[in-house]
Amino acid sequence: MSVTHIIGAGLAGLSAAVAITHAGGRVKIYEASAMAGGRARSYHDKKLGIEIDNGNHMLLSGNHSAKTYLKRIGAEHRFKSPKEAAFSFCDLSDKERFTIKLSNGPLPWWVLCAKSRVPHSKAKDYLALLSLLLADHNTKIGDLVPDNTALWRKLLDPFFVSVLNTPAREGAACLAAAVIRETLMKGGKACIPRIAYPNLASSFIDPALDYLKARGVEVDFRNRLRQIHFSGQDVASLEFAHQDVKLGKGDKVIIALPAWVVQSLIPDIETPDKYQAIINAHFLMKPTAAMPHIIGVVGGTADWIFTFENRISVTISAANHLLALEKEELVKRIWDDIQTVYAFKQDMPEWQVVTEKRATFEATVEQNNRRPPAVTAWNNLFLAGNWVRTGLPATIESAIRSGQTAADLALSHS
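Residue indices begin from 1 for each chain and proceed along its sequence in written order. Only residues with pLDDT of at least 70 are given local features in this predicted model, and only at 80 or more are side-chain atom pairs given and counted; all residues enter the totals for whole chains, interfaces and linings. Side-chain numbers here rest on the full set of heavy atoms in the structure, without hydrogens or water.

Visitor: Could you clarify how one ought to interpret the environment of I228 in this entry?
Guide: As for its position among the elements, I228 is in strand 11 (residues 225-231). Only protein chains enter the accessibility calculation, which uses a 1.4 Å probe. A residue is then buried if its area is under 20% of the maximum for its type, exposed if over 50%, and partly exposed in between. By relative accessible area, I228 is classed as buried at 5%. For the pair formed by I228 and H413, sequence separation is 185 residues and the distance between their alpha carbons is 20 Å. Pairs of residues are marked as contacts when any of their non-hydrogen atoms sit within 4.5 Å. Sequence-distant contacts of I228, defined by excluding residues within four places in its chain, comprise V235, S237, L238, I255, L265 and I266. The way it works is that DSSP assigns letters per residue, a run of H or I at least four long becomes a helix, a run of E at least two long becomes a strand, and they are numbered from the N terminus.

Structure follows, in structure tokens:
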């Protein structure tokens, strides 16, 4: 029986492995590091003495690829979610607090209700979103949506920054449109936020490893791929740090590695080559019952604040502009935001900052057009990763979908 060799045990690689195994195929997984998960990993932080996530992530109930993946690995219940699609915000520039409450069905009745939409916005302002749905692959969000409205400043700007991890006006309109089609256009039932609880690994990674192990598949850790050897239009062998693997007849390869690593392994491939950072800060503090599990911050340093049983965590997207800032100054700004949002005053607790300098590719028109498809010039080589051409920005949904796409290709190529 042929084998699919999966290089990389992040979400894209695990998604591919789960999909192939679910279909009855055989896989082998190789991972350069000592743990699975990639950017969705959790680890024990020695400074704080607790498990924290490498980065905070939020799913929406309409993320159908993630839903399929979680159902297969039996992890659908490992999330905290409100009963409705309601998003709380605090605008630090004017101290205004508001909640966006979406209608359950696809008809956007919430836009017609002043209490449900963005304060100071008008129903007609939301028509600007329709222009995004008709955007081509060469149009920026800033070319279509005006930035002089309350709707833009209080909702669209922070929303697009979060989903694209790119300054909103520079983001590719087609990627924003793809998110809108799969969430907002389907109504509130597709927009309920889902937070991995108690951490990412327990929701996305550990159940997948358990699922695969139960079917005879384990990850070969600390085994870095050094070179791919080609023969004609096929991959002939894989050279790892500790072994060489010769491919048999019908064997496939799925490369689920970061774009910059793939560039060094595959000749003449074009991939995104500009990146944006994401900064996550964790504070060792037990939240009160009054603190929501997630709240958006407008006009501050923080973008989103998450509460967990033993910590408060903050995510800052499109954070390249903060990389030169001293860590202590950055943390002070974030803590000031937290105190203002939750209306309390106390000394800063123990903290930890995790910075991913190349968290995702810049979701600009130029970089989006550099994304390769899952198929390659070689018959038995396929690509997976949130930087591959999925039609979505570099999100968890995109990573999981890319793995499922690569798995389908591997299964269909005899």
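Visitor: Sorry if this is basic, but what is going on with the sheet that holds strand 1 (residues 3-7) here?
Guide: In a beta sheet, neighbouring strands pair by backbone hydrogen bonds and run either parallel or antiparallel. In space, the five strands of this open sheet follow the order 10-2-1-14-20, with parallel pairing throughout. Whereas interior strands pair on both sides, the edge strands pair on one side only; in this sheet they are strand 10 (219-220) and strand 20 (381-383). In this sheet, strand 20 lies alongside strand 14 (residues 252-255) in parallel orientation, the contact comprising three bridges. In the strand pairing of strand 20, I254 is matched with F382. Between any two strands, pairing holds if DSSP finds at least two bridges.

Visitor: Please clarify how the sheet that holds strand 19 (residues 351-361) should be interpreted in this entry.
Guide: Strand order across the open sheet formed by seven strands is 8-7-16-17-18-15-19, with mixed pairing between neighbours. Edge positions in the open sheet fall to strand 8 (96-101) and strand 19, since each of these has one partner strand only. Within the sheet, the average angular offset between the axes of one strand and its neighbour, ignoring direction, is 25°. Relative to strand 8, strand 7 (residues 86-91) runs antiparallel, the two sharing six bridges. The residue of strand 8 that forms the bridge with D91 is E96. Axis definition: a line fit to C-alpha positions, over the contact stretch in the case of helices; interaxial angles, taken between N-to-C directions, run 0 to 180 degrees. Of the strands in this sheet, strand 7, strand 8, strand 16 (294-298), strand 17 (304-307) and strand 19 are in contact with helix 4 (residues 150-164), which crosses strand 7 at around 110°.

Visitor: Looking at this model, I keep getting lost on helix 4. Mind explaining?
Guide: Given 3.6 residues per helical turn, the α-helix brings residues three or four places apart onto the same face. Over its 15 residues, helix 4 extends 20 Å from the first C-alpha to the last, a length consistent with the 21 Å expected when each residue adds 1.5 Å. Within helix 4, burial applies to L151, W152, K154, L155, L156, P158, F160, V161, V163 and L164. Residues of helix 4 that are buried sit in contact with strand 7, strand 8, helix 3 (128-133), helix 5 (173-182), strand 16 and strand 19. N165 lies just past helix 4 and shows a positive phi near 50°. An expected span of 1.5 Å times one less than the residue number is assigned to each helix.

Visitor: Help me understand the state of the cysteines, please; the structure alone is not making it clear to me.
Guide: Note: disulfide means a covalent bond formed between the sulfur atoms of two cysteine side chains. Disulfide assignment relies on a single distance test, namely cysteine sulfur atoms paired within 2.5 Å. Counted by the stated rule, this structure contains zero disulfides. Looking at C113, it has no disulfide partner, and the nearest cysteine sulfur is the one in C191, 17 Å off.

Visitor: Can you walk me through the nonpolar core in this structure?
Guide: Proteins that are soluble and globular tend to have nonpolar side chains buried together. Counting 115 residues, the largest nonpolar core has Y69, L132, F160, F204, L238 and I255 as its most contacted members. Contacts of F204, omitting those with residues within four sequence positions, involve L11, L59, Y69, L70, I73, F79, A196, I396 and I400. Residues grouped as a nonpolar core are buried Ala, Val, Leu, Ile, Met, Phe, Trp, Tyr and Cys residues, joined through side-chain atoms within 4.5 Å. With 27 residues, the next largest nonpolar core counts C90, I295, V297 and V314 among its residues.

Visitor: Explain unusual backbone geometry here, please?
Guide: Where the residue is not glycine, phi is negative for most of them; where a peptide bond is considered, it is trans in most cases. Here the bond from Y197 into P198 is cis, since omega is 10°, no more than 30 degrees from zero. Note that P198 resides in the loop between strand 9 (193-196) and helix 6 (200-213). The phi dihedral of K95 falls on the positive side, at around 60°, and the residue is not glycine. Judged by relative accessible area, K95 falls into the exposed class, the value being 55%. Residues other than glycine seldom take positive phi values, yet H120 does so here, at roughly 70°. The exposed category is assigned to H120, whose relative accessible area is 61%.

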